[in-house]
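Here is how the chains run, residue by residue.
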Amino acid sequence: MPIEILPEQVASAIAAGEVVERPSSVVKELVENALDANASRIEVVIEEGGRQLIQVSDDGEGIHAEEIGLSVARFATSKLRTADDLHHIETLGFRGEALSSIGAISFLEISSKAPDQPAGAVLRVEGGKAQKPKPAGVPIGTQVRVRNLFFNVPARKEFLKTDPTERRWITTLITRYALAYPGVSFKLSQEGRVVFRSSGNGDRREILAEIYGLEIAREMLGLPGGGTSELQVQGYLSPPHIHRSNRRELTFFVNGRWVQDSSLSAAVLQAYHTMLMVGRYPIVTLFLEIEPAEIDVNVHPAKAEIRFRDSGKVFTVVQRAVRSALIGQSPAPPVDLPSRWTGQAHEIEGQQSPDWSFWHEAPSRPIELEAPERSQGNGDDRVPLLRPVGQVGASYLVAEGPDGLYLIDQHAAHERILFDAFMEANRSGSLEAQQLLDPVAVEFSPGEAETIEAHLDVLNDLGFHVEQFGPRTYRLHAMPSMLMSRDPGVLLRSVVEEFEEDETPLASEIEARIAARICKRVAVKAGQVLTRAEQERLLRDLEACLAPRTCPHGRPTMIHLSVASLERQFGRR
Ligand code: ADP
Ligand code: MG
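Residues numbered from 1 in each chain as written. Chains lettered and ligands numbered in written order. Predicted model: local features only at pLDDT ≥ 70, side-chain atom pairs only at ≥ 80, totals over all residues. Heavy atoms only, no water.

*Asks:* Can you break down the overall build of the protein residue by residue, with the values?
*Replies:* Broken down by element type, the protein carries 18 helices and 23 strands. Residue pairs at least 24 apart in sequence account for 69% of intrachain contacts in the protein once pairs closer than 6 positions are excluded. (Helix = DSSP H or I, 4+ residues; strand = E, 2+ residues; numbered from the N terminus. Contact = heavy atoms within 4.5 Å.)

Now the structure itself:
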C-alpha cells in the first residue's frame, strides 16, 4: 500500500482510542469535567454497561452558548493556554481531547447553560461530525449524553468485557471519586437502579460505609494527615485483619486526580509487610497533595499516570506514614469471645494447673472487649512485661501484665519470634547454613525448575545451597541451621511454591514471605505442652519483638483483656 495521510475522521477515531479505552474511561472524563466546573451535584446514568448510554449531568459553571461548538473540537480547552502552564496544572482536564475523542466514536449530545446566560444550548456530534449548536431551555450546568459508544470502531467493541464487568469498573470509578470529593454529591444509576449515592456533606466515613459496609468503614484506620511541607498524605487504611485477595482496593489520588502508580502501591504494601497473610492485600485509599511543579501529569492520554520528580522521596513519605499509622493503631483486635472460647480450662497432665475455678462457665452474655487504647503512632507496639500464669488447651498461654490478662496463641507468637530472629540474622548476614551429611536430590516440574533457576541467589542468601543435578533435579547441600531437624525436600518444595505465588514480587517481599513460611513450619504447634520454663522463654522473646501482636501472616498473636474491661464485665464498674 502506498503511504497516504489518513482522512481526518479515521485519524481522530484512532487518536480517540488512546483516551477512551472502555465505557468507564468516558465516565471518568465526563466526571472530571464536571468536577473542573465546580459542580456540587453529579448524576451518572448508565445503560447496558455504558455501551448503550452514558449520561453525566452536573450543576456546575456550564459552557457559554457561543463556545459549545468549540468544546468538541480537538485540543480545545479552557484550562490551559501555554506549554508552561503544564508545570502547574490544577484542573483534572487540560488536554482538550476528551469531548472530541468521545464525539469521534459515539453519538454525543451536550446541553449546557452558564448561570449568567439567558438561555442554554445543545449540540450533537455523530461519529465526529458536529451539527450546528441550537438554543435550548436547559437548567444551569451541563449534561452530556453518549450513545452507542464505539459504533464505528468494531475492533474496540469486541474487546469490551461483559456488561457486569464494565458496570463494576464504572461503579468503582464513581465510588472512588465520591470518596475523593466528599463535598460533592454523586448519584449513579445503572440499568434503571440507583447503585450508589453520596450526600456531599463532606463526611468520608459515611462514603466508606456506602462502599464497604458499616463494619469495615468503622474499622478503617484514619491516616490523619502527615508528611512533609511539600507532600501531604491523608487517607484510610484497613487494619491487618481485613484484607482482600488482590490489589484492586489500593486507590491513590494525587492532587485530586485518580492515578495508577506502582511505586505508591509498593510503598503501601511494604508498610503492611508481615502484617498480612501471604497473598492478601489491604484496602487503602490515600490522598496525596503535592506541589503541582513536583509532578508531571502529562504522561498518559487518559491522564491515569503521573510522574513524580522525586519518586524516592514520595515512596519513603508514604511508606512511613502508613507504617506508623498501622503500628500505632492496630492492637490485638477486638474479638467476640464466646464464639471462640468455650470457657473450659483444660487441665494438663503433669502440669501445675492455674487456678481457673473462677471461670468454669462461659459468661452468660457476650463479653464486650473495649476497643483497646491506641498508642498514637509513636512506632512502639511492644507488650509489657508478662508473668506466665499457665497454658490452656496445650495451645494458649495465659499471662498477666500490669494492665490485665493476656491470652497468647503459642504457635502464632512463636512464628513471630522466629521470623524476627530469621530476618534479623538475614539482614546482618549472620544467617547460618549447615551442611547436610547426605545431600538431598529433589525433582521438580519444568515450571518449578525455571523458578528455582531464577531465584538461586535468593535461595543461597536464605541459607539453602542448591545446585542443579539433572534437567529438573536439584541437590540441596546445606540449609539454615535453625531448620536442621526438618525434612529438607519438603522445605525446599515449600520455598519454591512461595516463589510461584506471585508473578512479580519484590525481592525483599519474597525473602520475607519465604521466611514467614519457614517459621510457620518450625514454630511450636498448637497441642504441644510447654514446660513452665518454655512458657517463660516464649513470653520473654515475644516482649523483645517490635510487632509482637501479629504473626508474620497478620493473624493476632494475643487477646488482651484489660483490667477495666474485666471490672466492667463483673459489674464492678
Ligand atoms: P479538557 O477538560 O481537557 O479541557 P474536554 O474535551 O474534556 O477538555 O473539554 C473541553 C472544554 O469543554 C473544557 O475545557 C471546558 O471548558 C468545557 N467543558 C466540558 N465539560 C464541561 C462541563 N461539564 N462543565 C463546564 N464546562 C465543560
Ligand atoms: Mg476534560
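*Asks:* Let's hear about unusual backbone geometry: which residues, and what values?
*Replies:* We note that Lys303 has phi near 60°; this positive angle belongs to a residue other than glycine. When you line up the elements, Lys303 lands in the loop between β15 (295-296) and β16 (307-308). Residue classification places Lys303 among the buried residues on the basis of a relative accessible area of 4%. Positive phi values are uncommon outside glycine, yet Ala394 reaches one of about 50°. Looking at where Ala394 falls in the secondary structure, it is placed in the loop between β17 (387-392) and β18 (396-401). When its relative accessible area of 10% is taken as the criterion, Ala394 is described as buried. (Buried < 20%, exposed > 50% of the residue type's maximum accessible area, 1.4 Å probe, protein only.)

*Asks:* Explain the site of ligand 1 to me, using residue names and the numbers behind them.
*Replies:* In the vicinity of ligand 1 lie 19 residues, with Asn33, Thr77, Ser78, Lys79 and Gly96 positioned nearest. Ser78 has a polar side-chain atom sitting 2.5 Å from an oxygen atom of ligand 1. Taking Arg95, its main chain carries an N or O atom lying 3.1 Å from an oxygen atom of ligand 1. Isolated, ligand 1 exposes 530 Å² of accessible area, and the fraction of that covered by the protein chains is 93%. Those elements giving two or more residues to the shell around ligand 1 turn out to be α2 (23-36) and α4 (98-104). (Near = heavy atom within 4 Å. Polar contact = N/O pair within 3.5 Å; in protein donor to acceptor, adjacent residues only side chain to side chain. Areas by Shrake-Rupley, 256 points an atom, 1.4 Å probe, with all protein chains shown as cover.)

*Asks:* Could you give an account of the sheet that holds strand β20 (residues 433-443), with specific residues and numbers?
*Replies:* A sheet is described by the order of its strands in space; here 3 strands give the open sequence β20-β22-β21, paired in antiparallel fashion. Unpaired on one side and paired on the other, β20 and β21 (465-468) mark the two borders of the sheet. Across this sheet, the average inter-strand angle for adjacent strands is 20°, counted without regard to direction. (Pairing = 2+ DSSP bridges. Axes fitted to C-alpha atoms, helices over the stretch in contact; angles between N-to-C directions.)

*Asks:* Now, about the pairing of strand β2 (residues 53-58): what can you tell me, with residues and values included?
*Replies:* When you tally the buried positions in β2, you get 6 out of 6 residues, the bulk of the element. Side-chain alternation along β2 places Leu53, Gln55 and Ser57 on one buried face and Ile54, Val56 and Asp58 on a second face that is also buried. Relative to β2, strand β1 (residues 41-47) runs antiparallel, the two being bridged by 6 bridges. Each residue of the ladder has a partner; that of Val45, found in β2, is Gln55. Linking two consecutive strands that pair antiparallel, namely β1 and β2, is a turn of 5 residues; a positive phi of about 50° is found at Glu48 within it. Of the pairings in the sheet, the one linking β2 to strand β7 (residues 141-147) comprises 6 bridges and is antiparallel in character. Bridging from a neighbouring strand, Leu53 pairs with Arg147 of β7.

*Asks:* Summarise the environment of Ser101; cite the residues concerned and give the values.
*Replies:* Position of Ser101 relative to the elements: it lies in helix α4. Residue class for Ser101 comes out buried when judged on its relative accessible area of 4%. As a C-alpha pair, Ser101 and Ala16 span 85 residues in sequence and 4.3 Å in three-dimensional space.

*Asks:* Could you give an account of the sheet that holds strand β14 (residues 284-290), naming the residues involved and the relevant values?
*Replies:* Spatial strand order, β10-β11-β14-β12-β13: 5 strands in an open sheet with mixed pairing. The open sheet has two free edges, formed respectively by β10 (221-227) and β13 (257-259), since each of these has just one partner strand. Each adjacent strand pair in this sheet contributes to an overall mean axis angle of 20°, direction not counted. Two strands pair when backbone bridges link them, and strand β12 (residues 250-254) and β13 are joined in this way by 3 bridges, in the antiparallel orientation.

*Asks:* Describe the packing of aromatic side chains, with residues and values.
*Replies:* For the structure on display, the rule yields 6 aromatic pairs. Between Phe253 and Trp258 the ring centres are 6.3 Å apart and the planes differ by 20°, which places this aromatic pair in the stacked class. Taken as a pair, Phe253 and Trp258 share a single burial class, namely buried. The interplanar angle of 35° and the centroid separation of 5.8 Å between the aromatic rings of Phe253 and Phe287 together place this pair among those described as tilted. Of this pair, Phe253 sits in strand β12 while Phe287 sits in strand β14; the two residues are 34 residues apart in sequence, bridging distant segments of the chain. (Phe/Tyr/Trp six-rings, centres within 6.5 Å; stacked < 30°, edge-to-face > 60°.)

*Asks:* Describe the pattern of salt bridges, naming the residues involved and giving the relevant values.
*Replies:* Tallied over the entire structure, the rule returns 23 salt bridges. Linked through salt bridges whose partners overlap, the residues forming this network are Lys28, Glu29, Glu32 and Lys303. (Salt bridge = Lys/Arg side-chain N within 4 Å of Asp/Glu carboxyl O.)

*Asks:* Can you tell me about the confidence of the model for the protein, naming the residues and giving the values?
*Replies:* Averaged over all residues, the pLDDT of the protein is 83; the fraction at 70 or higher stands at 89%. Segment residues 332-379 is flagged for pLDDT under 50; beyond a separation of four residues in sequence, or across chains, it makes 72 contacts in the model. (pLDDT = per-residue confidence, 0-100.)

*Asks:* For the pairing of β17, give the residues involved together with the corresponding values.
*Replies:* Looking along a regular strand, one sees the side chains alternate between the two faces of the sheet. Relative to β18, β17 runs antiparallel, the two being bridged by 5 bridges. Note that in β18 the partner of Pro388 across the bridge is Ala399. Where β17 folds back onto β18 in an antiparallel hairpin, the turn is made up of 3 residues, including Gly393, whose phi is positive at roughly 60°.

*Asks:* Just give me the short version of the packing of helix α12 (residues 410-427) against helix α17 (residues 532-543), but keep the residues and values in it.
*Replies:* Across the interface, α12 lies against α17 with an axial gap of 9 Å and an inter-helix angle of 50°. The angle between α12 and α17 places the two elements in the oblique class. As α12 runs across α17, the sense of the crossing is left-handed. On α17, the residues that touch Gln410, Ala413, His414, Arg416 and Ile417 of α12 are Leu538, Asp541 and Leu542. When grouped by side-chain class, the residues that make up the contact of α12 with α17 number 4 nonpolar, 2 polar and 2 charged. (Parallel < 35°, antiparallel > 145°, perpendicular 65-115°, else oblique. Left-handed = near helix turned anticlockwise from the far one by under 90°. Nonpolar A, V, L, I, M, F, W, Y, C, P; charged D, E, K, R; others polar.)

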